[in-house]
Amino acid sequence: MGVATTSVITGCSEEPVTKFWQQGNYRPVSDEVTETTLKVEGTIPPELSGLYVRNGTNESTGIAPHFFGGDGMLHGIRLENGKAKWYRNRYVDTPVYRKETGGFSAPKPEDTTSAVSVLYHGDKLMSLGEFGYPYEIDPADLSTKGPFNYEGQLPGNMTAHPRIDPVTGELLFFGYDVTAPYLTYMRADKAGNMLQVEPIEMSGASMIHDFAVTDNYVVFMDMPVRFSWLSVAMGEGLPFKWDDSHMTRFGVMPRTGTNADVKWFDIPACFVFHIMNSFEQGDEVMVDAARYDNLWVKNSHDFFHPAHLSRFSMNMKTGQASVQRIYEGAMEFPQVNRSLWTKPYRYGYSLVVDEKYDTPELINQASSGIRKYDLQTGEADSWLPGPDLLPGEAVFIPANENGGGEDEGYLCSYVYDKNTEKSAFCIFDATKVSAGPIAKVQLPVRVPVGFHGVWVPDSAMA
Ligand SMILES: [Fe+2]
């Protein structure tokens, strides 16, 4: 159990000549910083009081063998009544960061870089990795309190993409591993008490980064990016690669169901890291996701394939599944108003991916942007700032925590400026994304390219 990141990332004989993750804003930063004097351009909405924290890899030795392989680093900004009180970046203090792992000891679930995402649930702020236990973080200063394992009931790995039911507060999640049971489904109540631990039968070890939840179902993705012993032997970064012989299938299970209740649907071959949202419509379970035709074909450094927003439909009566592209532009890091997780929705948000420069050699010349999708009209409204300003994942913050229109709120993102080599925390009006940021909190440092963040309003914090 608990195959941790350190044990699956190895030295790499097959690295690309251009290690894109050691260039431009993919490079790690060297210092942990605390800044309490922050210059603000524009106006921070006064109703925003809370903490935004984003995770990402930041190799402390300077040489990560894979883009995903660095130590977890949190970048947080605290807002209070329209003021930016502080910015901090802190490593997640794990045994991997402390260089206490390796040698001949078997990897433990604590031995994770914890570098992928951030969760606030059960009155705990947690850093999550692809593998291993969550790490509890102090929201006051982003220091690491220690690993958390649901009072011993978390059997091993926990995904970086759990979902919180917006009505009940229940946490639905899973862990996957390269040894049996390859997939374990779990639920915890609003307070963080484990309710269910359910091994799910799989044909072997697939990479399963995310999953989908609707009001009544969860959806597991079994796709052709597979664990490969050959890749282990070859030292190919992460030992997962595309396997043409493995079918793509999505398993739909009632949220309180068991392995025996999983209904598997054959899907045309594809790979998905991230799901935008999922919901039910009549007999159909719908999953909107960033769909790749394929990924990691040569090895796990082979990121450079475009993903497109696509809708998967699984009919629970007929057993038939279909998929259709719902927007043509390449994209990643899909987000929604999280109060509509599991429910029908109209608006989604993502990063814009520049296909022209989507190679390891050119990626640092690529432009990006933030795109808002209106899934009712099929139209998009995008902020496209050109090649010098590069946003990260845009997280939606409701203007009114007690309700309001679906897009009444803000998007927040760390935006890197190539000219100054510094970043700004930017806030956008989600009803007018193309208008650009309404507030920019200038940071004294750059925030490297990273992964996922969360907004925790003060009203939600214990
Ligand atoms: Fe992710």
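Computed from a predicted model, the values in this text were never measured in an experiment.

Right, let's get into the pairing of strand β25 (residues 370-374). In terms of burial, β25 is a largely internal element, 5 of the 5 residues being buried. Neither face of β25 is open: one carries I370, K372 and D374, the other R371 and Y373, and all of them are buried. In this structure, strand β24 (residues 347-352) lies alongside β25, joined through 5 bridges in antiparallel fashion. Its bridge partner lying in β25, S350 is registered against R371. The pairing of β25 with strand β26 (residues 380-383) spans 4 bridges and is classified as antiparallel. The partner of I370 across the bridge, within β26, is W383. A loop of 5 residues connects β25 with β26, the two strands running antiparallel in sequence, and G378 in this loop sits at a positive phi of about 80°.

Before going further, it helps to examine the coordination of the iron ion. Within the protein, the iron ion binds to H161 (NE2), H209 (NE2), H274 (NE2) and H452 (NE2); these donor distances fall in the range 2.0 to 2.1 Å. Its 4 donor atoms give the iron ion angles of 92 to 161° at the centre, a pattern that matches the irregular case. When the donors of the iron ion are listed by position in the chain, the intervening gaps give H-x47-H-x64-H-x177-H. Highlighted residues: H161 in the loop between β9 (144-147) and β10 (163-164) and H274 in strand β20 (residues 271-281), separated in sequence by 113 residues.

To continue, consider the UniProt feature "binding site: Fe cation" (unreviewed entry) in the chain. Under the feature "binding site: Fe cation" (unreviewed entry), the UniProt entry names H161, H209, H274 and H452. Taken along the chain, the residues just named run across 292 residues; in space they keep tight, none of their C-alpha pairs more than 12.5 Å apart. Ignoring any residue separated from it by four or fewer positions in sequence, one finds H274 in contact with H161, H209, D210, A289, A290, E332, F333, P334 and H452. Polar side-chain contacts of H274 include one of 3.3 Å to the side chain of H161. By the secondary structure assignment, H452 is in the loop between β31 (437-442) and β32 (453-457).

This part takes up the nonpolar core. Ranked by size, the top nonpolar core spans 83 residues in total, and within it F220, F240, F271, W296, F312, M314 and L411 carry the most contacts. Not counting chain neighbours up to four residues away, the residues in contact with L411 comprise Y349, I370, A394, V395, F396, C426, I427, F428, A430 and V433. Membership of the second largest hydrophobic core comes to 21 residues, among which are Y87, V441, L443 and W455.

Now for the sheet that holds β26. Neighbouring strands of a sheet are bound in pairs by backbone hydrogen bonds; such pairs are parallel or else antiparallel. Strand order in the open sheet formed by 7 strands is β20-β21-β22-β23-β24-β25-β26, with antiparallel pairing between adjacent strands. Strands at the two margins of the open sheet, each flanked by one partner only, are β20 and β26. Strand-to-strand, the axes of this sheet are offset by a mean angle of 30°, without reference to chain direction.

Tallying each qualifying case throughout the model produces 37 aromatic pairs. Geometrically, the ring pair formed by Y52 and Y414 is tilted, given 5.4 Å between the ring centres and 55° between the ring planes. Of this pair, Y52 sits in strand β3 (residues 50-54) while Y414 sits in strand β29 (residues 409-417), and the two are 362 residues apart along the sequence. By the ring-pair criterion, three or more aromatic residues cluster together here, those being F20, W21, Y26, F67, F68, F271, F273, Y292, W296, F303, F304 and F451. The ring of W341 has R163 sitting right over it, with the charged end atom 5.1 Å from the ring centre. The ring of Y347 has K372 sitting right over it, with the charged end atom 4.4 Å from the ring centre.

For the rest of this paragraph, the subject is unusual backbone geometry. In this structure, P181 follows A180 across a cis peptide bond, with omega equal to -5°. Mapped onto the elements of the fold, P181 is located in the loop between β11 (171-176) and β12 (183-188). A positive phi angle is found at S114, which is not glycine, with a value near 50°. In this structure S114 comes out as buried when scored by relative accessible area, which is 0%. Phi is positive for F333, close to 55°, though the residue is something other than glycine. In this structure, F333 sits in strand β23 (residues 321-335). F333 sits in the buried class, given a relative accessible area of 15%.

Cut-offs used in this document
- Just so you know, the residues in each chain are numbered from 1, in the order the chain's sequence is written.
- Reporting in this predicted model follows two pLDDT cut-offs: at least 70 for local features of residues, and 80 or more for side-chain atom pairs to be given and counted; totals over whole chains, interfaces and linings ignore these cut-offs and use all residues.
- By convention in this description, side-chain values take in all heavy atoms of the structure and omit both hydrogens and water.
- Using a 1.4 Å probe on the protein chains alone, a residue whose accessible area is under 20% of its type maximum counts as buried, one over 50% counts as exposed, and one in between counts as partly exposed.
- Numbering of helices and strands runs from the N terminus; a helix is a DSSP stretch of H or I covering at least four residues, while a strand is a stretch of E covering at least two.
- We treat two strands as partners when DSSP finds at least two bridges between them.
- Ligating atoms shown are N, O and S within 2.8 Å of the metal, or 3.2 Å for Na, K and Ca, and water is not included, meaning a site may look less than complete.
- Geometry is assigned from donor-metal-donor angles: four donors are tetrahedral when every angle falls between 85 and 135 degrees, four are square planar and six octahedral when opposite donors sit over 155 degrees apart with all other angles between 65 and 115, and any other arrangement is irregular.
- UniProt positions are given in the numbering used here, feature names are shortened, and annotations may be inferred rather than shown by experiment.
- Whether two residues are in contact is decided by their heavy atoms: any pair within 4.5 Å suffices.
- Think of a polar contact as two N or O atoms within 3.5 Å of one another; within protein, one of them needs to be a possible hydrogen donor and the other a possible acceptor, and neighboring residues in sequence only count if both atoms come from side chains.
- The set of buried Ala, Val, Leu, Ile, Met, Phe, Trp, Tyr and Cys residues whose side-chain atoms join them within 4.5 Å is what this entry labels a nonpolar core.
- Every angle, taken between N-to-C directions, lies between 0 and 180 degrees, and every axis is a line fitted to C-alpha atoms, over only the stretch in contact when it is a helix.
- Stacked, tilted and edge-to-face pairs are distinguished by plane angle, under 30 degrees for stacked and over 60 for edge-to-face with tilted covering the rest, among Phe, Tyr and Trp rings (Trp via its six-membered ring) whose centres lie within 6.5 Å.
- For a lysine, the NZ atom is tested; for an arginine, the CZ atom; a charge sits over a ring if that atom is within 6 Å of the ring centre and within 35 degrees of the ring normal.

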